[in-house]
Amino acid sequence: MKFFESFLQERNGMINFNFDFYEIVVWVATIVMCLIAVAARSLPLKARGGLGQPLPNPIAVLLPIAFFVSFAGLRKTIGDTFFYMYSFENLPDKNTVNIQMILDGQMYSFIQNLIRNFTDDPQVLIFVCAVIALVPPLIILYIYSAPFELSIFLFFAYGYLGGMMDGMRQYMAAAILLFGTRFLFSLKRGSFFKYAIFVLLAACMHNSALIMLVVFFVVRRKAWKMSSYIIVLGSIVVTVAFDAILPSFLNALKETSYEGYANNGWFTDGKEGGSSLFRAIVAAAPIVVAYLNRGRMNRLGHIGDILINMAFLNAAIYIVASYNWIFARLAIYLSVYYIILTGWVVTYAVKPQDRAIYTTGTVILFFLFSRFMAYQINMYQSDYFLPGRKLFR
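Notes on the structure in this doc start here. (Residues numbered from 1 in each chain as written. Predicted model: local features only at pLDDT ≥ 70, side-chain atom pairs only at ≥ 80, totals over all residues. Heavy atoms only, no water.)

From N to C terminus, the chain includes 21 helices and zero strands. Counting over 393 residues, the chain shows a buried share of 53%. For the chain, the accessible surface area stands at approximately 18,100 Å², while carbon and sulfur atoms represent 65% of it. (Helix = DSSP H or I, 4+ residues; strand = E, 2+ residues; numbered from the N terminus. Buried < 20%, exposed > 50% of the residue type's maximum accessible area, 1.4 Å probe, protein only. Areas by Shrake-Rupley, 256 points an atom, 1.4 Å probe, with all protein chains shown as cover.)

Residues A146 and P147 are joined by a peptide bond in cis, for which omega reads -5 degrees. Examined against the element boundaries, P147 turns out to sit in the loop between α7 (122-144) and α8 (148-157). The phi angle at W224 is positive, at roughly 70 degrees, despite the residue not being glycine. Looking at where W224 falls in the secondary structure, it is placed in the loop between α13 (211-219) and α14 (226-240).

Side chains of I15, F17, F19, I24, V28, V32, I36, I59, L62 and L63 sit close together on the surface and give an oily, nonpolar patch of about 790 Å² of accessible area. Looking at the nonpolar patch, the elements with two or more residues in it are α2 (21-40) and α3 (59-73). When residues of the nonpolar patch are assigned to their parent elements, the largest contribution, four residues, is made by α2. (Patch = residues over 30% accessible without salt bridge, like charges linked within 9 Å, V, L, I, M, F, W, Y side chains within 5 Å. Salt bridge = Lys/Arg side-chain N within 4 Å of Asp/Glu carboxyl O.)

A separate point is the pattern of salt bridges. According to the stated counting rule, one finds five salt bridges in the structure shown. Across the pair R371 and E23 runs a salt bridge, and its minimum N-O distance is 3.1 Å. Of this pair, R371 sits in helix α21 (residues 355-372) while E23 sits in helix α2, and the two are 348 residues apart along the sequence. Assigned by exposure class, R371 and E23 land together as buried. Between R41 and E149 there is a salt bridge, with the nearest N and O atoms lying 2.6 Å from each other. In this pair, R41 is assigned in the loop between α2 and α3 and E149 in helix α8, connecting sequence segments 108 residues apart.

The next subject is the layout of surface pockets. Within this model, the second largest pocket holds a volume of roughly 240 Å³. Forming the boundary of the second largest pocket are 15 residues, of which V38, E149, L150, T359 and V363 lie nearest the centre. Taken together, the elements giving at least two residues each to the lining of the second largest pocket come down to α2, α8 and α21. Tallied by class, residues from the lining of the second largest pocket come to nine nonpolar, three polar and three charged. (1 Å grid on protein atoms, 1.4 Å probe; cavity = no way out; pocket = protein on both sides within 12 Å on 5 of 7 lines; lining within 4 Å. Points joined across faces, edges and corners; volume = space filled by probe spheres on them. Nonpolar A, V, L, I, M, F, W, Y, C, P; charged D, E, K, R; others polar.)

Our focus in this paragraph is the environment of T96. In this fold, T96 is placed in the loop between α4 (81-89) and α5 (99-103). When the C-alpha positions of T96 and N117 are compared, they lie 9.0 Å apart, and in sequence the two are 21 residues distant. Sequence-distant contacts of T96, defined by excluding residues within four places in its chain, comprise M101 and N113. (Contact = heavy atoms within 4.5 Å.)

The next thing to look at is the packing of aromatic side chains. Applying the stated criterion to the full structure yields 42 aromatic pairs. With a centroid separation of 4.0 Å and 10 degrees between ring planes, the pair formed by F71 and Y380 is classed as stacked. Residue F71 is located in helix α3, and its partner Y380 is located in the segment after α21; the two are separated by 309 residues in the primary sequence. In terms of burial, F71 and Y380 fall into one category: buried. Seen in terms of ring centroids, F183 and F198 are 6.0 Å apart; in terms of plane orientation they differ by 25 degrees. Their pairing is stacked. Of this pair, F183 sits in helix α11 (residues 181-185) while F198 sits in helix α12 (residues 191-205); the two residues are 15 residues apart in sequence, bridging distant segments of the chain. Given the relative accessible area of 17%, F183 is considered buried. (Phe/Tyr/Trp six-rings, centres within 6.5 Å; stacked < 30°, edge-to-face > 60°.)

Mapped onto the fold, A284 is located in helix α17 (residues 277-292). A relative accessible area of 24% means that A284 is categorised as partly exposed. Sequence separation between A284 and A311 is 27 residues; the distance between their C-alpha atoms is 7.3 Å.

The next subject is the packing of α3 against α8. One can describe the packing of α3 onto α8 by two numbers: an axis separation of 11 Å at closest approach and a directional angle of 10 degrees. With respect to each other, α3 and α8 are oriented roughly parallel. Mapping the contact onto sequence places A60, V61, P64 and F68 in α3 and F148, I152 and F155 in α8. Class assignment for the residues of the contact of α3 with α8 results in seven nonpolar, no polar and no charged. (Axes fitted to C-alpha atoms, helices over the stretch in contact; angles between N-to-C directions. Parallel < 35°, antiparallel > 145°, perpendicular 65-115°, else oblique.)

Here is the structure:
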């Protein structure tokens, strides 16, 4: 059964220690930025973060923004990048740009047409999209995560950077959603309607973002309720029995904007496999640690409950994605909150004398995770970012 065959799906089931030049560059830069973020804690701001934690000096977030945006924005390969650039180059010099395009769910076309009216260089489009997709998550991590240096590490090791370069438009939608984090975490009346504004805007970029309207109600409850375990159990049952329910699923899909997936053999011709169950195990790791230390997690209050419930959903999505990797795309909207939870769990939920052990274990786990998963960084090419790399080989 696909559920039990999906553990070793990526990188041929091997942990790969062969580093491409650009992978070395990003790893070295990430380590340096983590060290600078540690130093930035000695010059904190007077203001407090979103969870009451001290905020390190802003240099801690400005450097990752500059580096990651430059790296992603100056690429010319990975995923659909070539097709985005090709379609941009083939647009006419003058294109329609109006607000109605956004209202009609064509926000990406709006951005693309607007840029094309000023330049025919597709690299400008890729760079602007990298700014939109990467700046908001880094800012949210700066505001809510602790320690921030661990979040910088996880931002790369967990695959957010690599994923963004492979699924640019959906990560742009996720970035818009992140601006609504304040209302997602708020218990004030009317917070749903305020959050819904960001969901609807994000849906104009990628309509899968509408799922967050449901997520809003699912996660805003006390953690460790039976319903969370039912969600995970349900995801296992769905995955094991997916072949049986596939006909009904495809019929339902035909009634949505994803009709193409129902008709092109995506789920039936066997060409698209599932993601590795290793992803689901890693997704569940902070949940286990949080449960073992749930008393200390109470310091985060209702926000801690929301983060834990999101982690349950994240794990459930990756379990279902072991049948077909396309489902993992839904986890994009939860990834930043997963990073926030992981940092808080291994740093503050555990006993002080155990923090070094948990932090070291987290770094090792996610380093191995990054080498096991195929994030396509090794496919990176650029005409601008260290183009003379052959001189270094």
